[in-house]
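# A look at the structure
Below, each chain spelled out in residue letters.
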Amino acid sequence: MAHLLMIESWVGSMSTLLPLAIRERGHHFSFLTRDLGHYLRARDDARHPLLGAANILTVETNDPAAVSARLGALRPALPFDGVLSSCDYYLPLVAAVAAEFGLPGPERAAVAIACDKQRTREVCAAAGVPGPRFAVGVRWTQLSAAATEIGYPLVVKPVDLCAGMFVRMVRDAQELRDAVERITGFPVNARGQVRAQAILLEECLDGPEYSVETVTHGGRTGVVGVTDKTVVGAPSFIESGHMFPAALDPGAAAGIGAVAVAAVEAIGLDDTVAHTEIKLTREGPKLIEVNPRPAGNRITELVRRVTGIDLPAVHAELAAGGDPDLTPAATGVGSAAVAFAVPTATGTLTGITGDEGWPAHPGIVDYALPAPGAATRAARDNNGYLGHVLVTDPRPGAAGATARALIDGLRFDHVATESVR
């Protein structure tokens, strides 16, 4: 049994899945956070799995020196065998702690590259990994000139945020200026960390988007599978659903997987689960980004239901220094999908209809919908879904349409104050 140190967490599904996976593997964990209330406010539940930690420790996790000093003082009495997180904003800190205390995990430099979209682009482009044309700037003159060179439409994104925040397609200089002003008007992230000033401009790629779920251990990267993605909300890019495995012919899936593996290897990641996003264009698959942690948005649940491989548990096993078994199991599930209800209005929810048959639906294995009175916010990123439904089907490629139809059949009544633009 290993004792793992979890440094912060996302507040969504992974805040449940990762603690449960640690315990199911026979390990236990201590939870290190700057603000336990951040998690309790997001989910008012005394049974929250994060509260099952053997110890809950408070320190300013945005101060690496303070974390180092606290852990150095605690470790003689509270030794730990590994360190991990599910939250992108703390993955560089996790890698630093692992390096300082001689624990398993990916190299600090590789994690720093993967968590910086600018550096990912530069390193992968230098290694020949296919991707969009791109440029990075801070001043408006730099950005305006780069946009003219790349050509409109293009995608504007911050280099250090997650969940699609402030990622936007722009069609001209005025839309670019508006997008830049929104990004620069957000000087700290949701965890109070000061943000980078650089802004990334990218060629707008046409084609469907996929993610590749991989595990790298001992210098070898294996592809667990390819997940498809449905995106809505233009000019934003909001993920409204996923299906695993993606309905692709073997050649296309292999090509997408090969680009993800090339990106992981170019960055130098090892001993980690990764979630790499790819667009399949007419010129072939091209890299969007690499995330050195298990996928969010319940993708790992889709993978587990089809293959029996529990990626949060693999993440925990790698952190503990183990050699995880990635042999697929026969589950009887040919495809699994999740669909999200994306809010289009800001206001107060007054009622939901269309879900009356959900409890008896043979394909639904999990769902959640808000109660009347819940506040809603018109979506511009992947935060703040109104609910979700998760579906399995014995037939490959079938679950996605079912999940999407169930969500599309819902009606949400609001007292609205704003419509999405």
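Residues numbered from 1 in each chain as written. Predicted model: local features only at pLDDT ≥ 70, side-chain atom pairs only at ≥ 80, totals over all residues. Heavy atoms only, no water.

### Some thoughts on the environment of Thr376
Structurally, Thr376 can be placed in strand 17 (residues 375-376). By relative accessible area, Thr376 is classed as buried at 7%. Distance in space between the C-alpha atoms of Thr376 and Ile113 is 35 Å, their sequence separation being 263 residues. Among all residues touching Thr376, those that are not within four sequence positions of it are Ala345, Thr346, Gly347, Thr348, Leu349, Leu386 and His414. A polar side-chain atom of Thr376 sits 3.1 Å from the main-chain carbonyl oxygen of Ala345. (Helix = DSSP H or I, 4+ residues; strand = E, 2+ residues; numbered from the N terminus. Buried < 20%, exposed > 50% of the residue type's maximum accessible area, 1.4 Å probe, protein only. Contact = heavy atoms within 4.5 Å. Polar contact = N/O pair within 3.5 Å; in protein donor to acceptor, adjacent residues only side chain to side chain.)

### Focus on the packing of helix 1 (residues 14-24) against helix 11 (residues 311-319)
In the contact formed by helix 1 and helix 11, the axes pass within 8 Å of each other and the chain directions differ by 55 degrees. Between helix 1 and helix 11, the angle is such that the two are oblique. Where helix 1 crosses over helix 11, the two elements pack in a sense that is right-handed. Of helix 11, the residues touching helix 1 (which contributes Met14, Leu17, Leu18, Ala21 and Ile22) are Pro312, Ala313, His315 and Ala316. Partitioned by chemical class, the residues of the contact of helix 1 with helix 11 number eight nonpolar, one polar and no charged. (Axes fitted to C-alpha atoms, helices over the stretch in contact; angles between N-to-C directions. Parallel < 35°, antiparallel > 145°, perpendicular 65-115°, else oblique. Left-handed = near helix turned anticlockwise from the far one by under 90°. Nonpolar A, V, L, I, M, F, W, Y, C, P; charged D, E, K, R; others polar.)

### Observations concerning empty space enclosed by the protein
This model, assessed by the stated rule, comprises two cavities of 30 Å³ or more. Within this model, the largest cavity holds a volume of roughly 180 Å³. Forming the walls of the largest cavity are 18 residues, and the residues nearest its centre are Val83, Val94, Pro106, Thr272 and His315. Those elements giving two or more residues to the lining of the largest cavity turn out to be strand 4 (82-84), helix 4 (91-101), strand 12 (272-281) and helix 11. Among the elements that line the lining of the largest cavity, the one with the most residues is helix 4, at four residues. Here the lining of the largest cavity is composed, by residue class, of 13 nonpolar, four polar and one charged. Estimates place the volume of the second largest cavity at around 40 Å³. (1 Å grid on protein atoms, 1.4 Å probe; cavity = no way out; pocket = protein on both sides within 12 Å on 5 of 7 lines; lining within 4 Å. Points joined across faces, edges and corners; volume = space filled by probe spheres on them.)

### Brief notes about the nonpolar core
Among the nonpolar cores identified, the biggest contains 23 residues, and Ile267, Leu269, Leu287 and Val290 are the most heavily contacted of them. Where this core is concerned, the elements lending two or more residues are helix 4, helix 5 (108-114), strand 9 (209-217), helix 9 (250-267), strand 12 and strand 13 (284-291). Element by element, the count of residues in this core is highest for helix 9, at six residues. The residues touching Ile267, leaving out its near neighbours within four places in the chain, are Ala110, Ile113, Ala114, Thr120, Val123, Cys124 and Val290. Counting residues in each nonpolar core, the second largest holds 22 residues, with Ile7, Val94, Leu103 and Leu161 among its members. (Core = buried A, V, L, I, M, F, W, Y, C linked by side-chain atoms within 4.5 Å.)

### What to know about the pattern of salt bridges
Between side chains of opposite charge, a pair can form as their charged atoms come close. By the definition in use, this model includes 21 salt bridges. Measuring nitrogen to oxygen at the nearest pair gives 2.9 Å for the salt bridge that ties Lys229 to Glu209. Taken together, the positions of Lys229 in strand 10 (residues 220-232) and Glu209 in strand 9 put the pair 20 residues apart, joining distant regions of the chain. Each member of the pair, Lys229 as well as Glu209, carries the same accessibility label: buried. The salt bridge partner of Arg411 is Asp413, with a shortest N-O separation of 2.8 Å. Exposure remark for Asp413: the relative accessible area of 25% places this residue in the partly exposed category. The network of salt bridges with shared partners includes Glu209, Lys229, Glu239 and Glu277. (Salt bridge = Lys/Arg side-chain N within 4 Å of Asp/Glu carboxyl O.)

### A word on unusual backbone geometry
Trans peptide bonds make up most of the peptide bonds, and negative phi angles are found at most residues other than glycine. The peptide bond linking Ala234 to Pro235 adopts the cis configuration, its omega dihedral lying at 10 degrees. Within the fold, Pro235 resides in the loop between strand 10 and strand 11 (238-244). Here Phe166, not a glycine, exhibits a phi torsion of approximately 65 degrees, which is positive. The class for Phe166 is partly exposed, based on a relative accessible area of 25%.

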